[in-house]
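Close look at the chain arrangement
Here is how the chains run, residue by residue.
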2 protein chains.
Amino acid sequence: MRLTVIGIGLMGGSLALSLKKKGLVSNVIGVDHNLEHQKLALQLGIVDEIMSLEEAIAASDLIAIATPINVAESLLPTILNLVNKQVVFDLGSTKESIVGIAKAHINKGRFVPTHPMWGTEFSGPTAAQDDAFVDKATIICNKEQVDKDALELVEKMYQALGMHMLYMDAIKHDIHVAYVSHISHITSFALANTVLEKEKESDAIFELASSGFESTVRLAKSNAEMWVPIFMQNKENVLDVLNEHISQLKKFKASLEKENPDYLLELIQNANKIKRILK
Amino acid sequence: MRLTVIGIGLMGGSLALSLKKKGLVSNVIGVDHNLEHQKLALQLGIVDEIMSLEEAIAASDLIAIATPINVAESLLPTILNLVNKQVVFDLGSTKESIVGIAKAHINKGRFVPTHPMWGTEFSGPTAAQDDAFVDKATIICNKEQVDKDALELVEKMYQALGMHMLYMDAIKHDIHVAYVSHISHITSFALANTVLEKEKESDAIFELASSGFESTVRLAKSNAEMWVPIFMQNKENVLDVLNEHISQLKKFKASLEKENPDYLLELIQNANKIKRILK
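1. Some thoughts on the overall build of chain A
Looking only at helices and strands, chain A has 13 helices and eight strands in total. Taking 279 residues into account, the globule formula puts the C-alpha radius of gyration at 19 Å, and chain A, at 21 Å, falls close to it. When the backbone C-alpha atoms are referred to their principal axes, chain A occupies close to 65 × 40 × 30 Å. Counting over 279 residues, chain A shows a buried share of 53%. Put simply, 74% of the contacts in chain A that link residues at least 6 apart link residues at least 24 apart.

2. Let's talk about the packing of helix 7 (residues 170–198) of chain A against helix 11 (residues 235–257) of chain B
The relative placement of two packed helices comes down to the angle between their axes together with the axis-to-axis distance. At a minimum axis separation of 9 Å, helix 7 of chain A and helix 11 of chain B run at an interaxial angle of 130 degrees. Classified by the angle their axes make, helix 7 of chain A and helix 11 of chain B are oblique. Where helix 7 of chain A crosses over helix 11 of chain B, the two elements pack in a sense that is right-handed. The segment helix 7 of chain A lies against helix 11 of chain B, with Ile186(A), Ala190(A), Leu191(A), Asn193(A), Thr194(A), Glu197(A) and Lys198(A) engaging Val241(B), Glu244(B), His245(B), Gln248(B), Leu249(B) and Phe252(B). A breakdown of the residues in the contact of helix 7 of chain A with helix 11 of chain B according to their chemical character gives six nonpolar, four polar and three charged.

3. Side note on the relation of the copies chain A and chain B
By a simple turn and slide, chain A fits onto chain B: the slide is 0.0 Å along the axis, the RMSD is 0.0 Å, and the turn is 180 degrees. What we have between these two chains is a two-fold relation. Proximity to the rotation axis, assessed at the C-alpha, singles out Thr216(A) in chain A; its C-alpha lies 2.1 Å from the axis.

4. Here's the deal with the interface of chain A and chain B
Each side of the interface is counted separately: chain A has 80 residues, and chain B has 80 residues. Among the secondary structure elements, those contributing two or more residues to the side of chain A that touches chain B are helix 7, helix 8 (202–208), helix 9 (211–217), helix 10 (224–233), helix 11 (235–257), helix 12 (261–271) and helix 13 (274–277) of chain A. Per-class residue counts for the side of chain A that touches chain B are 46 nonpolar, 19 polar and 15 charged.

5. Regarding the nonpolar core
One recurring pattern in soluble globular proteins: nonpolar side chains tend to sit buried together. Among the nonpolar cores identified, the biggest contains 184 residues, and Val5(A), Ala64(A), Val5(B) and Ala64(B) are the most heavily contacted of them. Setting aside residues up to four positions removed in sequence, Ala64(B) forms contacts with Leu3(B), Thr4(B), Val5(B), Ile6(B), Gly12(B), Leu15(B), Phe89(B) and Leu91(B).

6. Things to note about the pairing of strand 6 (residues 111–116) of chain A
Each regular strand shows side chains that alternate between the opposite faces of the sheet. All names here are of chain A. Within strand 6, six of the six residues are buried, which leaves the element mostly enclosed by the surrounding structure. Alternating positions in strand 6 separate into two faces, Phe111, Pro113 and His115 on one and Val112, Thr114 and Pro116 on the other, with burial throughout. The sheet contact formed by strand 5 (residues 87–90) and strand 6 spans three bridges and is parallel. Bridge pairing in strand 6 links aspartate 90 to proline 113.

7. Observations concerning the pairing of strand 8 (residues 164–168) of chain B
Judged from the five bridges that link them, strand 7 (residues 137–141) of chain B and strand 8 of chain B form a sheet pairing that is parallel. Bridging from a neighbouring strand, Ala137(B) pairs with His164(B) of strand 8 of chain B.

8. Thoughts on the sheet that holds strand 2 (residues 27–31) of chain B
Residue and element names in this part refer to chain B. The strand order across the open sheet built from eight strands is 3-2-1-4-5-6-7-8, with neighbouring strands paired in mixed fashion. Pairing within the sheet leaves two strands with one partner each, and these edge strands are strand 3 (49–50) and strand 8. The pairing of strand 1 (residues 2–6) with strand 2 spans five bridges and is classified as parallel. Considered in strand 2, the bridge of arginine 2 is made with asparagine 27. The strands touched by helix 1 (residues 10–21) within the sheet are strand 1, strand 2 and strand 4 (62–65), with strand 1 carrying the most contacts at an inclination of about 165 degrees.

9. Some remarks on the sheet that holds strand 3 (residues 49–50) of chain A
All names here are of chain A. In space, the eight strands of this open sheet follow the order 3-2-1-4-5-6-7-8, with mixed pairing throughout. Here the strands that pair on one side only, and so sit at the sheet edges, are strand 3 and strand 8 (164–168). The sheet strands contacting helix 5 (residues 96–103) are strand 5, strand 6 and strand 7 (137–141), and the helix crosses strand 6 at an angle near 170 degrees. Contacts from helix 7 reach strand 6, strand 7 and strand 8 within the one sheet, and its direction differs from that of strand 7 by about 145 degrees.

10. As for the domain arrangement of chain A
By convention, interface size is frequently given as the accessible area that disappears when the constituent parts associate. All names here are of chain A. Here the domain parsing of chain A yields domain 1 (2–169) and domain 2 (173–277). Residue-level contacts link 15 residues of domain 1 with 15 residues of domain 2. Secondary-structure elements contributing two or more residues to the side of domain 1 that touches domain 2 are helix 4 (69–82), helix 5 and strand 7. Residue composition of the side of domain 1 that touches domain 2, by class: five nonpolar, six polar and four charged.

11. What about unusual backbone geometry?
Residue and element names in this part refer to chain A. For phenylalanine 133, which is not glycine, the phi torsion reads 75 degrees and is therefore positive. Positionally, phenylalanine 133 belongs in the loop between strand 6 and strand 7. Look at phenylalanine 133 and you get buried, because 22 C-beta atoms sit within 10 Å. Look at asparagine 142: it is not a glycine, yet its phi comes out positive at around 45 degrees. With respect to the helices, strands and loops of the structure, asparagine 142 is situated in the loop between strand 7 and helix 6 (148–160). The class of asparagine 142 is buried, set by 22 C-beta atoms lying within 10 Å.

Criteria and cut-off values
- Residues numbered from 1 in each chain as written.
- Chains lettered and ligands numbered in written order.
- Predicted model: local features only at pLDDT ≥ 70, side-chain atom pairs only at ≥ 80, totals over all residues.
- Helix = DSSP H or I, 4+ residues; strand = E, 2+ residues; numbered from the N terminus.
- Rg over C-alpha atoms; globule rule 2.2 N^0.38 Å.
- Buried ≥ 20, exposed ≤ 12 C-beta atoms within 10 Å, placed from the backbone.
- Contact = placed C-beta atoms within 7 Å.
- Axes fitted to C-alpha atoms, helices over the stretch in contact; angles between N-to-C directions.
- Parallel < 35°, antiparallel > 145°, perpendicular 65-115°, else oblique.
- Left-handed = near helix turned anticlockwise from the far one by under 90°.
- Nonpolar A, V, L, I, M, F, W, Y, C, P; charged D, E, K, R; others polar.
- Least-squares fit on C-alpha atoms with pLDDT ≥ 70 in both.
- Core = buried A, V, L, I, M, F, W, Y, C linked by C-beta atoms within 7 Å.
- Pairing = 2+ DSSP bridges.
- Domains from an automatic or database assignment.

Written out as C-alpha cells, the structure is:
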C-alpha cells in the first residue's frame, strides 16, 4: 500500500514511521510546503519521496492529512476533487467543521474524519516516533457518511497500530475534547506564562522545578501554529470549560482568603476523585 | 548510624528505604500514630522497629520529621527538648514558620530545616521508593542558626542520595516554591474539579484522556492532609501567584471571546519560552 502524508510533522511523521515498522505500507510519499521539513523527512527515513499534492494523490492508495486543522480544511475540497478510489483521512483535534466541509463534497464517502488520541509536546519531523499511538483510542466521527471500504481500511490501519476505535458524532467529539484535552493545554500555557511573569529568576525555576511542575507545564511547549486554530475553532466549548476552570480556581482563592481549611480540604478531596477514573 | 523517621509515608518511607539501600543507616526506627502505617512499614522493610517518640529519639543519631507540616511544627519543640547530640531535620514544603519555631528554642542548633525537591502524587508507606531523590535539589534554609556538625551530617546524607544542596533564606524559599510547586498543585486540583464538574461521562474521560491530560491532572491525586496545611501556611505567596494565574487565564479567555488569533498566538508563543528553562 502506498501512503501519502500531507504535513510531515509530529503526527504525520509518527504515522508514517509506525505504519512502515508494522509493514502496513510499502512506500510513503511526503507533501509539505516546508523545504527544511522535506529534507529532514527524507533524511530520517520518514518518507521515501517528496511530491506535489497532485502527483502524490495520483500515486497513492491512502492519504493522511496531518497539517494544522485550518490548513486541512482549506486543502480538503482540492484533495477530494482529485480522488476516485483513494481513501483520505485526517488526524485533526476538532471535527465539526471538517465534517461539514466534507459533507458538502460529492466525494465525501472517500473521507474518514479521525482523531487519534496521541501526541507529545514536541513538533516537526524530528519529533516523529515509530512506536506512536499504541494502546490509545482513535475517534472516528460521522461514519455514516463514509464509504464502507474507506472506513474499513482506516480502521484496519489504526488497529494495526494497536489502537481501539470509538465512534462519535463530530459535535459531541468537540465537546468531549474541550474537557479532556484542550483545557489541559490552556492551563499549561497559562501556568507557564504565570511562572515566567512571577519568577524572574530563571535559575530558580530550573533548580527548584520538581517533577510535579514539569508535568503540569510540559504541554506549554506545544506548537503554537497547531493550537491556535484548534482553540479558535472549538471556541464555544473551550470558553465553556475555561469559565468553569476559572470559577474552580476562585474557590481555592476564596478558601485561602477566608482562611477556611475545611473548605480547602473539601475542594482537594473532591479533586482526589479523579483517582477513580485515572489510575 | 541509627535513623528515626517520624511519619512513615511517601517522603519518610522513601528516605528510609533509599538510605538503607545506600548503606548509610544500619537501623531505622519508625514513629507513627497510624497503626496501619506502622504495620505496613514493618512488613515492607521500611523500618526495623516501632517506638514511641521519646524512646526513638533516645535510641537514634539522626531524626527525620516527615509528617504534614502542621504536625511537624507542633512536634518540633518537644523533639528539641529531648535531644542533646542528635541531629534533627524536617522535609517540609514551607520553611518560614518552622524556622521561626526552631529559632525560639535553646537547641535550635540541632535542627536543620530542609526541603528535598522530590515527591510523587501517591501517599502512605506503600508509595515509598528506594531510589527516590536522585539528581534533585535539596534546599537548606537559614543554615547560620544550625550547628556545624548537624549541618554537615545532613548534607552528607543528601549527597549520598545523589542530591545537590541549595541554600536559601526561609522567606525566599516560601516565595519560590509558591511559583514552582504550590501553584502547579492548585491548578491540577482545580482542573480535576473542572473536568469532574463538566464531563459527567466518566467513560469519556477514561477513554479520551490522552497523556497530556494525565500529566496536567496527575498532581490532583495528591494527599489532601499534606497539602491543606502547606497552602494555608504559604497563603500570601500562593494567593499572589494564584491571582496572576487567574489573570493569565483571563487573557486566553479574552483572545477567544474577541476572536483574536494574533493575541492567542502571542500568548502561546510566550508560554513556549518555558522550553528555554525546562528542556
